[in-house]
Amino acid sequence: MELGTHAGFIIASYALCILTVLVLVAWVRIDKANQERALKELAEQGISRARRDHESK
């Protein structure tokens, strides 16, 4: 496969794109863990995400 004179730019572009996707995946996984931890702490305090019938009317 011949990339020509722009090989450096092409390879750098693909590398940057892959790095960006990996960083975004890591960010989402870290944020998910933080959100789950926060929900667990709230559940331990007795706070729930469930809607109660008498409060919704």
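A few points on the structure. (Residues numbered from 1 in each chain as written. Predicted model: local features only at pLDDT ≥ 70, side-chain atom pairs only at ≥ 80, totals over all residues. Heavy atoms only, no water.)

## Remarks on the overall build of the chain
Consideration 1: Counting its regular elements, the chain contains 2 helices and 0 strands.
Consideration 2: A buried classification covers 0% of the 57 residues belonging to the chain. (Helix = DSSP H or I, 4+ residues; strand = E, 2+ residues; numbered from the N terminus. Buried < 20%, exposed > 50% of the residue type's maximum accessible area, 1.4 Å probe, protein only.)

## Examining the pattern of salt bridges
Consideration 1: Summed over all chains, the structure comprises 1 salt bridge.
Consideration 2: Residue lysine 32 pairs with glutamate 36 through a salt bridge whose shortest N-O separation is 2.9 Å. Of this pair, lysine 32 and glutamate 36 both sit in helix α1 (residues 7–44), separated by 4 residues, roughly a single helical turn. (Salt bridge = Lys/Arg side-chain N within 4 Å of Asp/Glu carboxyl O.)

## Looking at α1
Consideration 1: In a regular helix each residue adds 1.5 Å, so 38 residues correspond to 56 Å; α1 covers 56 Å between its end C-alpha atoms and thus fits that length.
Consideration 2: Following α1 by one or two positions, glycine 46 adopts a phi angle in the positive range, close to 95°. (Expected span 1.5 Å × (residues − 1).)

## Considerations on a nonpolar patch on the surface
Consideration 1: On the surface, Leu16, Leu19 and Val23 cluster together into a nonpolar patch covering about 290 Å² of accessible area.
Consideration 2: Structurally, valine 23 is set in helix α1. (Patch = residues over 30% accessible without salt bridge, like charges linked within 9 Å, V, L, I, M, F, W, Y side chains within 5 Å. Areas by Shrake-Rupley, 256 points an atom, 1.4 Å probe, with all protein chains shown as cover.)

## With respect to the environment of leucine 3
Consideration 1: One can find leucine 3 in the segment before α1.
Consideration 2: Apart from the residues lying within four places of it in its own chain, the contact partners of leucine 3 are Ile10 and Ile11. (Contact = heavy atoms within 4.5 Å.)

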